[in-house]
2 protein chains.
Amino acid sequence: MTKYRNFPMVPRVVFGQGCFKQLGEILLPKRKSSEAPFIFLVDDVFEGHELINSIPLLFNDQIIFISADEEPKTNQVDSLVSQLIQSYTELPSGIIGIGGGTLLDLAKATALMLTNPGSASEYQGWDLIKKPAIYHVGIPTISGTGAEVSRTTVLLGPDKKLGINSDFTPFDQVILDPDLTQGVSTEQWFYTGMDCFIHCVESLNGTFLNAFSQSYGEKALELCKEVYLDSLSEEDSRDKLMMASWHGGMSIAYSQVGVAHAMSYGLSYLLGVKHGIGNCLVFQYLEEFYPEGVALFDQMREKHQIKLPKGICANLSDTEFDTMIKVAMSLEPLWENAVGKEWRKTITPQKLKSIYKKI
Amino acid sequence: MTKYRNFPMVPRVVFGQGCFKQLGEILLPKRKSSEAPFIFLVDDVFEGHELINSIPLLFNDQIIFISADEEPKTNQVDSLVSQLIQSYTELPSGIIGIGGGTLLDLAKATALMLTNPGSASEYQGWDLIKKPAIYHVGIPTISGTGAEVSRTTVLLGPDKKLGINSDFTPFDQVILDPDLTQGVSTEQWFYTGMDCFIHCVESLNGTFLNAFSQSYGEKALELCKEVYLDSLSEEDSRDKLMMASWHGGMSIAYSQVGVAHAMSYGLSYLLGVKHGIGNCLVFQYLEEFYPEGVALFDQMREKHQIKLPKGICANLSDTEFDTMIKVAMSLEPLWENAVGKEWRKTITPQKLKSIYKKI
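Residues numbered from 1 in each chain as written. Chains lettered and ligands numbered in written order. Predicted model: local features only at pLDDT ≥ 70, side-chain atom pairs only at ≥ 80, totals over all residues. Heavy atoms only, no water.

Participant: How would you explain the overall build of chain A if you had to name every residue and give the values?
Facilitator: The helix and strand inventory of chain A stands at 13 helices and 10 strands. Compactness check: chain A gives a C-alpha radius of gyration of 20 Å against a globular reference of 21 Å for 359 residues, within 12% of the reference. Seen along its three principal axes, the alpha-carbon backbone of chain A occupies a region of about 60 × 50 × 45 Å. In chain A, 77% of the contacts between residues at least 6 apart in sequence involve partners at least 24 apart. On chain A, the mean spot of the 31 positive side-chain charges and the mean spot of the 43 negative ones are 6 Å from each other. (Helix = DSSP H or I, 4+ residues; strand = E, 2+ residues; numbered from the N terminus. Rg over C-alpha atoms; globule rule 2.2 N^0.38 Å. Contact = heavy atoms within 4.5 Å. Lys, Arg positive; Asp, Glu negative; His and termini not counted. Charge placed at Lys NZ, Arg CZ, Asp CG, Glu CD.)

Participant: Outline the sheet that holds strand β8 (residues 154–156) of chain B, listing residues and values.
Facilitator: All names here are of chain B. Here we have three strands laid out as an open sheet, ordered β6-β9-β8, and mixed in their pairing. The two strands at the open ends of the sheet, each matched to only one other strand, are β6 (125–126) and β8. Note: β6 against strand β9 (residues 161–165), two bridges, orientation parallel. Its bridge partner being in β9, tryptophan 126 is matched across the sheet by asparagine 165. (Pairing = 2+ DSSP bridges.)

Participant: Now, about helix α9 (residues 275–283) of chain A: what can you tell me, with residues and values included?
Facilitator: Residues and elements named next belong to chain A. Most of α9 sits out of view: nine of its nine residues are buried. Buried within α9 are the following residues: His275, Gly276, Ile277, Gly278, Asn279, Cys280, Leu281, Val282 and Phe283. On its buried side, α9 packs onto β9 (161–165), α5 (186–204), α8 (259–271) and α10 (291–303). (Buried < 20%, exposed > 50% of the residue type's maximum accessible area, 1.4 Å probe, protein only.)

Participant: Explain the packing of aromatic side chains to me, using residue names and the numbers behind them.
Facilitator: Residues and elements named next belong to chain A. Under the criterion given, the structure shown has 26 aromatic pairs over all chains. The interplanar angle of 40° and the centroid separation of 4.5 Å between the aromatic rings of tryptophan 189 and tyrosine 228 together place this pair among those described as tilted. Placement of tryptophan 189 in helix α5 and of tyrosine 228 in helix α6 (residues 211–229) is noted, with a sequence separation of 39 residues between them. Its relative accessible area of 21% is what places tryptophan 189 among the partly exposed residues. Residue classification places tyrosine 228 among the buried positions, given a relative accessible area of 0%. Ring geometry for tryptophan 335 against tryptophan 343: centres 6.1 Å apart, planes inclined by 20°, an arrangement best described as stacked. Judged by its relative accessible area of 0%, tryptophan 335 is buried. For tryptophan 343, a relative accessible area of 4% gives the class buried. One cation-aromatic arrangement involves lysine 161 over tyrosine 265; the distance from NZ or CZ to the ring centre is 4.5 Å. (Phe/Tyr/Trp six-rings, centres within 6.5 Å; stacked < 30°, edge-to-face > 60°. Lys NZ or Arg CZ within 6 Å of the ring centre and 35° of its normal.)

Participant: Can you lay out empty space enclosed by the protein for me, pointing to particular residues and giving the numbers?
Facilitator: Over the atoms rolls a probe the size of a water molecule, and its path tells where empty space is left. Taken as a whole, this structure holds one cavity of 30 Å³ or more when the rule is applied. By volume, the largest cavity is sized at about 40 Å³. In terms of lining residues, the largest cavity is bounded by Leu223(A), Lys240(A), Ala211(B), Gln214(B), Ser215(B) and Glu218(B). Top element by residues in the lining of the largest cavity is helix α6 (residues 211–229) of chain B. It accounts for four residues. (1 Å grid on protein atoms, 1.4 Å probe; cavity = no way out; pocket = protein on both sides within 12 Å on 5 of 7 lines; lining within 4 Å. Points joined across faces, edges and corners; volume = space filled by probe spheres on them.)

Participant: Give me the lowdown on the interface of chain A and chain B, citing residues and values where you can.
Facilitator: As a measure of interface size, the accessible area lost when the parts come together is often cited. With 41 residues of chain A at the contact, the number on the chain B side is 41 residues. Buried surface at the junction of chain A and chain B, both sides included, amounts to about 3,500 Å², of which 54% is carbon and sulfur. Taken as a group, Tyr4(A), Asn6(A) and Met9(A) account for 18% of the area that chain A buries against chain B, more than any other trio of residues on that side. In this structure, the connection of chain A to chain B is made through six salt bridges. One salt bridge connects Lys219(A) with Glu218(B), and the closest N-O pair in it is separated by 2.6 Å. For the pair chain A and chain B, the interface holds 24 residue pairs in polar contact (both at pLDDT 80 or more). If you list the elements that add at least two residues to the side of chain A that touches chain B, you get β1 (6–8), β2 (12–15), α1 (23–27), β10 (173–176), α6 and α7 (234–250) of chain A. A per-element tally of the side of chain A that touches chain B places α6(A) first, with nine residues. The residue inventory of the side of chain A that touches chain B, partitioned by class, reads 20 nonpolar, 10 polar and 11 charged. (Buried area = accessible area lost by both parts, 1.4 Å probe. Salt bridge = Lys/Arg side-chain N within 4 Å of Asp/Glu carboxyl O. Polar contact = N/O pair within 3.5 Å; in protein donor to acceptor, adjacent residues only side chain to side chain. Nonpolar A, V, L, I, M, F, W, Y, C, P; charged D, E, K, R; others polar.)

Participant: Can you lay out the UniProt feature "domain: Alcohol dehydrogenase iron-type/glycerol dehydrogenase GldA" (unreviewed entry) in chain A for me, pointing to particular residues and giving the numbers?
Facilitator: Under the local residue numbering, the UniProt record ascribes the feature "domain: Alcohol dehydrogenase iron-type/glycerol dehydrogenase GldA" (unreviewed entry) to residues 12–178 of chain A. Annotated as 22% helix and 24% strand, the span residues 12–178 of chain A places its first and last C-alpha atoms 17 Å apart. (UniProt positions renumbered as here; feature names shortened; annotations may be inferred.)

Participant: Pulling in residues and values, what's your account of the nonpolar core?
Facilitator: By size, the foremost hydrophobic cluster in this structure holds 249 residues, and its most contacted members are Phe197(A), Phe212(A), Trp246(A), Phe197(B), Phe212(B) and Trp246(B). Setting aside its immediate chain neighbours within four residues, Phe212(A) contacts Met250(A), Ala253(A), Tyr254(A), Val13(B), Phe15(B), Leu176(B), Met243(B) and Trp246(B). (Core = buried A, V, L, I, M, F, W, Y, C linked by side-chain atoms within 4.5 Å.)

Participant: Mind laying out the side chain of Thr110(B), listing which residues take part and the relevant values?
Facilitator: Residue and element names in this part refer to chain B. Its location among the elements puts threonine 110 in helix α4 (residues 101–113). Given the relative accessible area of 1%, threonine 110 is considered buried. One polar contact links the side chain of threonine 110 to the main-chain carbonyl oxygen of leucine 106, over a distance of 2.7 Å. Residues in contact with threonine 110, not counting those within four places in the same chain, are Leu41, Val77, Leu80, Val81, Leu84 and Ile95.

Participant: With reference to specific residues and values, describe the sheet that holds strand β6 (residues 125–126) of chain A.
Facilitator: All names here are of chain A. Strand order across the open sheet formed by three strands is β6-β9-β8, with mixed pairing between neighbours. Every other strand in the sheet has two partners, leaving β6 and β8 (154–156) as the edge strands with one partner each. Pairing between β8 and β9: three bridges, direction antiparallel. Counted as the bridge partner of leucine 156 is lysine 161 from β9.

Participant: Break down the domain arrangement of chain A for me, citing the residues and quoting the values.
Facilitator: Residue and element names in this part refer to chain A. Domain annotation for chain A reports domain 1 (12–181) and domain 2 (186–358). Computed over C-alpha atoms only, the centres of domain 1 and domain 2 are separated by 25 Å. Every contact between the two is made by 31 residues of domain 1 and, on the other side, 25 residues of domain 2. Carbon and sulfur atoms supply 65% of the area buried between domain 1 and domain 2, which totals about 2,300 Å² over both sides. The largest per-residue losses of area from domain 1 upon contact with domain 2 belong to Ser143, Val149 and Lys161, which jointly make up 25% of the total buried on that side. Counting the contacts that link domain 1 with domain 2 gives zero salt bridges. At the junction of domain 1 and domain 2, the tally comes to 12 residue pairs in polar contact (both at pLDDT 80 or more). Those elements that provide at least two residues to the side of domain 1 that touches domain 2 are β2, β8, β9 and β10. Taken together, the residues of the side of domain 1 that touches domain 2 sort by class into 14 nonpolar, eight polar and nine charged. (Domains from an automatic or database assignment.)

So, in structure tokens, the structure goes:
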């Protein structure tokens with residue numbers, strides 16, 4: 001008998017231009033006591049920004065600014081957790097992540113690790129988390145990662161880049177305010193949106209797909225095409241990319257990402273390359289696996305005059321290539337989804353090295 | 001400041017052919033005690049069917065067979081609730097609805113009314129429910145109504161057909177097993193699927209629409225077109241119609257239905273016409289409001305050789321027409337969505353009567 005995942009959906013979502021202003025009202029009934037603060041983890045690009053004045057602080061609530069220049073790390077989560085436990089007599093009422101995938105993943109991981117003992121690195125994998133997280137809210141300020149709706153939080157650990165995948169990972173509440181995505185640079189907008197586009201190409205071309213994930217993936221892909229190839233108003237474009245990210249994230253329920261994500265994880269692990277751009281760097285050379293997707297990607301890149309950096313892997317040693325290849329090949333479900341159960345017959349270290357060398 | 005609904009999503013969903021078999025495992029951790037039964041409300045077409053043997057009964061769990069020949073009623077909910085309260089010393093562990101929209105709505109309403117005092121008819125409206133329902137699970141056996149994902153349960157009451165719309169209405173768990181929709185008659189399959197199609201036409205052409213609802217509505221409409229106009233395998237067709245219903249229901253988050261639903265409610269209230277066929281009876285005459293939608297509907301109807309009954313309103317008295325018109329016109333949000341804030345200028349009793357007379 002096939003066993004299907006009983007997928008946890010985000011139980012509350014509000015969507016609308018300006019809906020960030022409803023945050024105070026949403027948090028109010030979730031406050032456990034005046035001693036149990038809300039902790040806002042906020043991308044430090046917003047320091048001094050008017051957005052900060054709209055954060056509804058009460059009692060001993062705290063804003064913690066965090067740089068998203070680097071990928072989120074397990075030891076970063078561990079130190080956030082111990083800082084919070086030392087600073088307060090009670091567990092927080094909730095963790096609110098405001099930012100892109102990095103901040104959303106840090107918020108999810110921190111909420112989980114406040115109730116589960118040990119280091120975040122012990123939970124990288126599938127269904128290792130045993131206790132519910134504390135209440136956590138996701139507020140994306142850039143669209144594409146799907147972190148707002150997924151059941152994972154992807155972290156760089158001491159020996160791998162891998163998600164904490166669990167039923168307790170998804171946010172309890174998501175606030176989708178497309179206005180918050182104004183002011184993102186064209187490059188960042190492109191790379192993060194391509195995370196969604198590449199997600200969808202990988203899941204729609206994967207062997208794990210069923211009708212549930214297909215319908216979400218198709219819609220997300222269509223929205224990406226509208227955003228990156230049609231001539232929408234800026235407002236429509238923000239709205240639609242936010243929904244593309246949402247549906248793209250949902251499409252992962254019964255699917256998996258594939259070759260680009262697996263190899264991009266290797267780049268991130270070794271070189272700290274950020275996830276969005278890492279996917280693009282790999283994906284451009286994957287016409288063998290995703291011919292139509294790569295053709296569309298080239299059109300989008302040209303339309304928005306995005307120049308991808310070159311020579312990233314030019315000076316790497318054989319040992320370094322081996323490290324990336326080992327990380328990439330360890331992501332077995334991704335390869336099985338992309339190529340099938342017999343993936344080891346065609347996906348060899350040599351093959352991956354030849355692709356990495358082009359980057 | 002515009003206030004956006006903080007939409008409650010079904011927090012757990014499993015999709016897959018044969019996933020009904022996972023029900024026992026899903027219910028196990030939700031059982032409160034051996035004295036707190038699970039109550040299965042099941043469409044009586046399944047009496048003696050092999051499906052019944054797969055229902056995981058334990059202790060004093062009970063199956064209640066209910067006919068879906070008539071629309072669900074507030075007094076039917078009231079009597080189910082008092083029957084359950086009298087039969088058991090504890091509140092049930094949960095209510096599981098297995099069937100089409102009628103059974104799913106009865107399950108939602110029963111779960112709500114076990115914790116909220118008075119009659120179900122006192123809660124027909126928006127956000128009148130104050131207490132969370134008991135745990136409730138929806139298992140559709142026919143696709144199209146969107147009842148599996150919506151925040152309403154539509155009931156015929158003593159003086160209106162109107163939903164109990166609340167944040168506590170949605171199911172806690174939905175099981176989407178397309179195999180359960182085998183064996184539905186062509187007519188029923190068509191009418192119930194058209195409920196979804198008409199939903200989508202109404203919401204996509206409505207004034208309330210935003211990008212969230214639009215993306216779900218567009219996907220649902222596209223899936224309906226595939227199912228009713230393309231040549232899919234039966235298996236694909238079942239899978240895709242189940243997803244169409246799901247997305248169609250989600251599209252209602254920030255939209256509303258429109259003219260067909262408003263007028264169909266009048267037909268149901270006066271004549272007990274079932275919701276799916278009622279929508280079709282009205283919709284065929286709405287080219288003025290939905291020209292493209294009605295043209296597609298005609299194509300679908302012809303392809304599947306569906307003959308809609310005629311002369312339903314032929315022998316009605318003026319008083320009876322007035323009753324239907326009163327019910328239809330009382331659904332103000334539907335009209336505002338369809339025609340705009342100034343809807344009373346064009347939607348007159350005479351106009352509705354002229355449409356009803358054709359039916």
